[in-house]
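Structural overview
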Amino acid sequence: SSHFGSSSLQAPNEALTPSCLFNFATHNMARFFAVAALAALASQGATAVGVSRTEAVRKMIAAKNLAAAGLPDPTCATGVISVKSGDTPQACCAGYCGECSDYPTCATVRGQNSTFACCKSQVLKQECGKGSPANVCLKKCAEAVPPCIMEDGKIFTTPEPSARTAGTDCNEAVSAWRAKADAAVKPLARK
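Bear in mind the structure is a predicted one, so any value in this text is a computation, not a measurement.

**Focus: unusual backbone geometry**
- For the bond running from Pro146 to Pro147, omega is 0°, close enough to zero to count as cis.
- Tracing the chain through its elements places Pro147 in the loop between helix 3 (120-125) and strand 3 (148-149).
- Positive phi values are uncommon outside glycine, yet Cys76 reaches one of about 60°.
- As for its placement among the helices and strands, Cys76 is situated in the loop between helix 1 (18-69) and strand 1 (80-81).

**A look at the state of the cysteines**
- Summed over the entire model, instances satisfying the criterion amount to six disulfides.
- The disulfide bridge from Cys97 ends at Cys118, spanning 1.9 Å between sulfur atoms. Handedness here is read from the sign of the S-S torsion; for Cys97 and Cys118, about -75°, the answer is left-handed. With a gap of 21 residues between them, Cys97 in the loop between strand 2 (91-93) and helix 2 (115-118) and Cys118 in helix 2 connect regions that are remote in the sequence. Across the pair, Cys118 and Cys97 agree in class, each one buried.
- Paired by a disulfide, Cys106 and Cys119 hold their sulfur atoms 1.9 Å apart. What sets the handedness of the Cys106 and Cys119 disulfide is the S-S torsion sign, and at about 100° it is right-handed. Of this pair, Cys106 sits in the loop between strand 2 and helix 2 while Cys119 sits in the loop between helix 2 and helix 3, placing them 13 residues apart in sequence.
- For Cys106, a relative accessible area of 5% corresponds to the buried category.

**Some remarks on the nonpolar core**
- Of all hydrophobic cores here, the largest spans 17 residues; its most connected members are Tyr96, Cys97, Tyr103, Cys118 and Val123.
- Breaking this core down by element, the ones donating at least two residues are strand 2, helix 2 and helix 3.
- Apart from residues no more than four positions distant in its own chain, Tyr103 is found in contact with Cys97, Val109 and Cys118.
- Among the nonpolar cores identified, the runner-up in size contains five residues, and Cys76, Cys92, Cys148 and Met150 belong to it.

Rules behind the numbers
Residues numbered from 1 in each chain as written. Predicted model: local features only at pLDDT ≥ 70, side-chain atom pairs only at ≥ 80, totals over all residues. Heavy atoms only, no water. Helix = DSSP H or I, 4+ residues; strand = E, 2+ residues; numbered from the N terminus. Disulfide = S-S within 2.5 Å. Buried < 20%, exposed > 50% of the residue type's maximum accessible area, 1.4 Å probe, protein only. Core = buried A, V, L, I, M, F, W, Y, C linked by side-chain atoms within 4.5 Å. Contact = heavy atoms within 4.5 Å.

The quantities given are spatial measurements derived from coordinates; they are silent on function.
So this is what it looks like as structure tokens:
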């Protein structure tokens, strides 16, 4: 008898034939792959959101670590840098903002008041020494973490995607280090 499509268990006195086992395995594999395919399709839409959220969380943690250590972020590595426009300095917004400009929802990112953290014009207006109260003013990034004001007269950009970095030759660096470590431990061959 064929058990393809049957989800009930066999009675103990019923013989397990190779065709029965094959049909049972094929049916369960088909179910597994159908569920896996549906899960993959459902998660594709959330992937872009998940990646940007992961990056924002990474930047927030890095900024907190820098602040706790009393270190500044002069290149806005833990924040989001604004586009250079005119002779005004660039702003470095908080890492969770997504972008540093005056976009429509910059004042309410994540349902909180983020006006002075994510809105470029408001971040620039909060610069220390430019009329903003000392308890709420934003320092230069050479002295603080985001949100902060970038150095005047210098244009900061994101790295070129095709530029060579440590990650591009990571596998070669590991094998080269292992070869040097082996050579250091291995005794010299005597002639």
